Amino acid sequence: LGFSQGWFDGYDWVIRMNPDVFIYDERKLFSLMGDPGNWAVFAHCGNNTCMDNIGCAGRINTDFFAVRPEYVRKDAFADWKKDFPVAEDQA
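Examining the overall build of the chain
The helix and strand tally for the chain stands at 2 helices and 3 strands. Considering the chain as a whole, with its 91 residues, one finds that 27% of them fall into the buried category. The long-range share in the chain, meaning contacts at least 24 apart out of those at least 6 apart in sequence, stands at 61%. Element-wise, carbon and sulfur atoms account for 54% of the exposed surface of the chain, whose accessible area totals about 6800 Å².

Right, dumping it as structure tokens:
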């Protein structure tokens, strides 16, 4: 809703993270965000089992991500409830 409604227009970055996500050392994150060539920062899901009991290898972990809103389509999350049992499937 935030992207489609323009809530993030004018911001350099939008960070989305679950309340149980902790950043113990922000230096790597800030380094990635400081590079003008990076449009986003994502975490890899690894080889853990997701909530749908399907291996997460190759998926983006949706517990945390940071994006430059100017590079996100306004309708990027418009179908978030449709045909995606877990957020990682859509990501």
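That shown, we press on.
Description of the nonpolar core
One broad trend across soluble globular proteins is that nonpolar side chains are buried collectively. Core analysis: the largest hydrophobic core is formed by 6 residues, namely Trp13, Leu29, Met33, Val41, Phe64 and Ala66. Looking at this core, the elements with two or more residues in it are helix H1 (27-34) and strand S3 (60-67). Sequence-distant contacts of Ala66, defined by excluding residues within four places in its chain, comprise Trp13, Val14, Ile15, Ala40 and Val41. Listed in part, the 5 residues of the second largest apolar core include Phe3, Phe65, Val67 and Val72.

Structural notes on the packing of aromatic side chains
The description of an aromatic ring pair uses the distance of the two centres, along with the angle that the planes make with each other. In this structure the tally under the stated criterion is 4 aromatic pairs. Both rings, one in Phe3 and one in Phe8, keep their centres 5.0 Å apart while their planes meet at 65°; by these two values the pair is edge-to-face. Aromatic pair Trp39 and Tyr71: ring centres 4.0 Å apart, planes at 5°, arrangement stacked. One end of the pair, Trp39, is in the loop between H1 and strand S2 (40-44); the other, Tyr71, is in the loop between S3 and helix H2 (87-90), and 32 residues separate them in sequence.

Points about the pattern of salt bridges
Applying the stated criterion across every chain yields a total of 3 salt bridges. With its nearest N and O atoms 2.6 Å apart, the salt bridge here joins Asp9 to Lys74. Of this pair, Asp9 sits in the segment before strand S1 (14-17) while Lys74 is found in the loop between S3 and H2, placing the two residues 65 residues apart along the sequence. For the salt bridge of Asp75 with Arg73, the shortest nitrogen-to-oxygen distance reads 2.9 Å. Judged by relative accessible area, which is 45%, Asp75 ranks as partly exposed.

Overview of a nonpolar patch on the surface
A grouping of Ile15, Met17 and Ile23 is seen on the molecular surface, where their side chains present a nonpolar patch of about 230 Å² in accessible area. Along the chain, Ile15 falls in strand S1.

Details of the environment of Ser4
Along the chain, Ser4 falls in the segment before S1. Each C-alpha atom of the pair Ser4 and Val72 lies 9.7 Å from the other, and the pair is 68 residues apart in sequence.

The rules behind these values
Residues numbered from 1 in each chain as written. Predicted model: local features only at pLDDT ≥ 70, side-chain atom pairs only at ≥ 80, totals over all residues. Heavy atoms only, no water. Helix = DSSP H or I, 4+ residues; strand = E, 2+ residues; numbered from the N terminus. Buried < 20%, exposed > 50% of the residue type's maximum accessible area, 1.4 Å probe, protein only. Contact = heavy atoms within 4.5 Å. Areas by Shrake-Rupley, 256 points an atom, 1.4 Å probe, with all protein chains shown as cover. Core = buried A, V, L, I, M, F, W, Y, C linked by side-chain atoms within 4.5 Å. Phe/Tyr/Trp six-rings, centres within 6.5 Å; stacked < 30°, edge-to-face > 60°. Salt bridge = Lys/Arg side-chain N within 4 Å of Asp/Glu carboxyl O. Patch = residues over 30% accessible without salt bridge, like charges linked within 9 Å, V, L, I, M, F, W, Y side chains within 5 Å.

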